[in-house]
Structures are given as C-alpha cells and as structure tokens.
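Survey of secondary and tertiary structure
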Amino acid sequence: MRLSGRIILVQAIVFVLGSVVMGFEMLASRYLFPYFGGSIETWGALISTVLSALMVGYSLGGYLVDRRPDLRLSSLLIALAAIWLYGLPFLSKPVLVFIIQSFGDGALATISASVVLMFVPLSCLGTLLPFVIRVILTDIDHAGRVAGLSYAISTLGNIFGTLFVTFALIPRFPVSLITEWLALVSAFGAVLLYLLRLKR
C-alpha cells in the first residue's frame, strides 16, 4: 500500500470528521439536558442514537460505494451533515419543546429528541469510512491494513473530539457557536473530498 499525499489528506479528513462525530455527541448532551436532565437514561438515549446512526451510515456507505466508488458522492452526504449541524442551534429549541409537549419527558421523548437532533448528520458522517476504504484500497493483500488503519484513525479522531469539545470548548464558548464551528469543519471536509476527485 503506497501512501500518496492525497491518501494522507483523506485520512486526515477521516480523523477530523471522526472528531466531529463524538464532539457533536458531547454537544448534543447540552441540548438535551435542560429538557430531559443529565441522567443515565439521557446518556443511554444519546449513545444508542450515535451507535444506530453510525450503523446505518456504515451500511449505507457500503451500499453506495459499491454502486459508485467516488469520494465526491460521499462529500455530498458530508455536506448534508454540515447543513443539518449549522441549522441545529436555530431549530433545536422549538423541536425539543414540541417533543416534550407531545410525549412528556419519559424514555420515548428522550430517545425521540436524541434521534431528531443527531441521527441524520451522524448517519451521513458515518458513510465516509466505507468510501475511503474502497477508494484507497489498491489490492486485496492490503485490505485488512487499509480497513484497520482507517477505523483506527477515525476512532483516534473520536477520542480527540470527545476530549477537546468537553474540556476545551464547552467551558469557554456557547454550545450554539461550537455547533456552528463543527458544521463549518464538516463543510470544509466535504469541499476537500469533492476537490480530491478520488474514485476507484
């Protein structure tokens, strides 16, 4: 497996967008806590939503990349995630108020609120890894190495995003502003993926 400059850049984008995924999970807790509290039930809804969204994203990405192995398609899905994140600070309050008025503050409402906030953008972000693995894989002998390295880099980004957003950003900046920053980072990643024009 030869590491060209473009492949290194793609893996850097994987790291950054992995940071966005878990950074947004920590931010989502700030959106939900005023309405549903910070209990173990709220965290259970958040974590389950993240895992469900990534499961769908990985599956959808795998299906799409087999039909069209082109990173530009993935970049459009990342752009959709960026748009969703950017609009969230403006739409979250009326949506959460509607949910709590409709369903109360029990398990159904908590899970519904978590899904509405997080499922679409995280599913879109989750489509990236199958595209990256398929596009940069040059031969079957390196399939395990490419897949393992890609998931490791993404997970390293998850760790960084969790710690950086939790300890560096949330104590210093409004949640709405941080959300907009994550949206802009995602949009920048989408533009880079599109301009790289990598395809199988």
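Since the structure is predicted, the reported quantities are computational estimates derived from the model, not experimental observations.

1. So, the overall build of the protein
Along the backbone of the protein there are seven helices and zero strands. Starting at the N terminus, the α and β elements of the protein follow one another as α-α-α-α-α-α-α. A principal-axis box enclosing the C-alpha atoms of the protein has dimensions of 55 × 35 × 25 Å. Long-range pairs, those at least 24 residues apart, make up 85% of the contacts in the protein between residues at least 6 apart in sequence. Surface exposure of the protein reaches about 9800 Å², of which carbon and sulfur atoms provide 71%. Positive and negative side-chain charges of the protein, numbering 13 and 8 respectively, have mean locations separated by a distance of 12 Å.

2. Some remarks on the side chain of T49
Residue placement: T49 occurs in helix α2 (residues 40-67). Residue class for T49 comes out buried when judged on its relative accessible area of 4%. If we ignore the near neighbours within four places in the chain, the residues touching T49 are I111, S114, V115, M118 and F119.

3. Here we look at the nonpolar core
Residues F24, L71, M118, L122, L125 and L128 are the most contacted members of the largest nonpolar core, which totals 56 residues. Going through the elements one at a time, α1 (5-36), α2, α3 (71-103), α4 (107-126), α5 (128-136), α6 (143-169) and α7 (175-196) are the ones with two or more residues in this core. The greatest single-element share of this core, amounting to 15 residues, is contributed by α1.

4. With respect to α2
In this model, α2 (28 residues) spans 41 Å end to end at C-alpha, consistent with the 40 Å of a helix rising 1.5 Å per residue. T42, A45, L46, T49, V50, A53, L54, G57, G61, L64 and V65 are the residues of α2 that are buried. In this structure, the buried side of α2 is in contact with α1, α3, α4 and α5.

5. Regarding the pattern of salt bridges
The final tally for this structure, using the stated rule, is two salt bridges. D66 is the partner of R134 in a salt bridge, and the nearest nitrogen-oxygen pair spans 2.6 Å. Placement of the pair is R134 in helix α5 and D66 in helix α2, with a sequence separation of 68 residues. Judged by relative accessible area, which is 29%, R134 ranks as partly exposed. In this structure, R72 engages D70 in a salt bridge whose closest nitrogen and oxygen atoms are separated by 2.7 Å.

6. Section: the packing of α3 against α4
Helices that pack against each other are described as a pair by the angle of their axes relative to one another and the distance between those axes. Viewed as axis vectors pointing N to C, α3 and α4 meet at an angle of 175°, and their least axial separation amounts to 9 Å. Judged by the inter-axis angle, α3 sits roughly antiparallel to α4. Contacts between α3 and α4 involve L77, I78, L80, A81, W84, L85, L88, S92, V95, L96, I99 and F103 from the first element and L108, A109, S112, A113, V116, L117, V120, P121, C124 and L125 from the second. In the contact of α3 with α4, the residues fall into 20 nonpolar, two polar and no charged.

Cut-offs and rules
Residue numbers run consecutively from 1 along every chain, following the written order of its sequence. Given that the model is predicted, a residue must reach a pLDDT of at least 70 before its local features are reported, and side-chain atom pairs must reach 80 or more before they are shown or counted; all residues, however, enter totals for whole chains, interfaces and linings. Excluded from the side-chain calculations are hydrogens and water; all other atoms, namely the structure's heavy atoms, are used. Counting from the N terminus, the helices are the DSSP runs of H or I reaching at least four residues and the strands are the DSSP runs of E reaching at least two. Contact between two residues is taken to exist if any of their heavy atoms lie within 4.5 Å; hydrogens are not considered. Values of accessible area rely on a 1.4 Å probe in the Shrake-Rupley scheme; residue burial ignores everything except the protein chains shown. A positive count includes Lys and Arg, and a negative count includes Asp and Glu. His and the chain ends are not counted in either. The location of each charge is read from NZ of Lys, CZ of Arg, CG of Asp or CD of Glu. Think of it in three bands: with a 1.4 Å probe and only protein chains considered, a residue is buried below 20% of the maximum accessible area for its type, exposed above 50%, and partly exposed in between. Nonpolar cores are built from buried Ala, Val, Leu, Ile, Met, Phe, Trp, Tyr and Cys residues. Side-chain atoms within 4.5 Å join them into one set. Here a helix's expected span is defined as the number of its residues, less one, multiplied by 1.5 Å. A side-chain nitrogen of Lys or Arg and a carboxyl oxygen of Asp or Glu constitute a salt bridge if their distance falls within 4 Å. Between N-to-C directions, angles span 0 to 180 degrees; the directions come from axes that are lines fitted to C-alpha atoms, helices contributing only their stretch in contact. Between 65 and 115 degrees an angle is taken as roughly perpendicular, under 35 as roughly parallel, over 145 as roughly antiparallel, and anywhere else as oblique. The residue classification treats Ala, Val, Leu, Ile, Met, Phe, Trp, Tyr, Cys and Pro as nonpolar and Asp, Glu, Lys and Arg as charged. All others, Gly included, are polar.

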